[in-house]
Amino acid sequence: MGVTAIYPGTFDPITNGHIDILLRSLRLFDHIKIGIGPNPKKTALFSLEERIYMVRESVRDISTVSVEAFDGLLVDFARKHGAKVIIRGLRAVSDFEYEFQMALMNRKLDSDIETVFLMPSEEYSYLTSSIIKVVGSLGGDISTLVPKHVYIMLKDKFKDGKG
Ligand code: ADP
């Protein structure tokens, strides 16, 4: 059976920073379930289907990672999959306040579930999906910051003028 951890996020789109955190969490847990959720505060560039596709394609060679969309409370999603661990990445101090608030709220909602924070490699510590979208839309080179298929899909989005 082993221990399952949930790695939730918007993944709009998935970046090499997300993948860095995922690979680190695989060193600690037996199975990672990536939960692709809505983010009420952000309007997504990619549809849910596109985000699922991009994440699935990024982890297709890792048999211990699965991907699923979720709606509603993260603790309900975790419970549904028998997971007692939530993984979050911490970049700079600026992530801390929001992450702290979310972790404590999730603990209040379900005290059996622990949030575990992992730090990415320094080279990804400034990387966010938002900055990828801004730089990409202005024609900057983001080819080393996202998986190849994501890079192609981003280029395609901006070419259409949808970004
Ligand atoms: P973002 O915050 O980039 O919009 P998500 O909402 O998809 O991304 O974030 C999902 C999780 O992945 C969060 O815990 C976030 O802190 C983490 N994460 C995203 N990018 C990175 C990165 N470059 N390094 C470490 N963690 C990251």
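Residues numbered from 1 in each chain as written. Predicted model: local features only at pLDDT ≥ 70, side-chain atom pairs only at ≥ 80, totals over all residues. Heavy atoms only, no water.

Trainee: Help me out: how do you make sense of the pairing of strand β1 (residues 4–9) in this one?
Mentor: Regular strands place their side chains on alternate faces of the sheet. Counted residue by residue, β1 has 6 buried out of 6 residues, so it is predominantly covered. Side chains Thr-4, Ile-6 and Pro-8 project from β1 onto one buried face, and the interleaved Ala-5, Tyr-7 and Gly-9 project onto a second face that is buried too. Examined bridge by bridge, β1 and strand β2 (residues 31–36) share 6 bridges and lie parallel to one another. Paired with Ile-6 across the strands is Lys-33, a residue of β2. In this fold, the crossover linking β1 to β2 by way of helix α1 (residues 16–26) has right-handed handedness. For β1 and strand β4 (residues 85–89), the ladder comprises 2 bridges, and the chain directions are parallel. When the bridges of β4 are listed, Ala-5 appears paired with Val-85. (Buried < 20%, exposed > 50% of the residue type's maximum accessible area, 1.4 Å probe, protein only. Helix = DSSP H or I, 4+ residues; strand = E, 2+ residues; numbered from the N terminus. Pairing = 2+ DSSP bridges. Right-handed = clockwise from strand over helix to strand, strands pointing away.)

Trainee: Explain the sheet that holds strand β5 (residues 114–118) to me, please; I cannot follow it from the model alone.
Mentor: By way of backbone hydrogen bonds, the strands of a sheet pair with one another, either parallel or antiparallel. The strand order across the open sheet built from 5 strands is β3-β2-β1-β4-β5, with neighbouring strands paired in parallel fashion. Because the sheet does not close on itself, it has two edges, and the strands there are β3 (65–69) and β5. Taking each pair of neighbouring strands and ignoring which way they run, the sheet shows an average axis angle of 30 degrees. Pairing geometry for β4 and β5, over 5 bridges, is parallel. Looking across to β5, one finds that Val-85 is bridged to Glu-114. Its contacts with the sheet put helix α2 (residues 48–58) on β2 and β3, and the angle it makes with β2 is roughly 155 degrees. The sheet strands contacting helix α4 (residues 93–109) are β4 and β5, and the helix crosses β4 at an angle near 170 degrees. (Axes fitted to C-alpha atoms, helices over the stretch in contact; angles between N-to-C directions. Contact = heavy atoms within 4.5 Å.)

These figures capture arrangement, not role.
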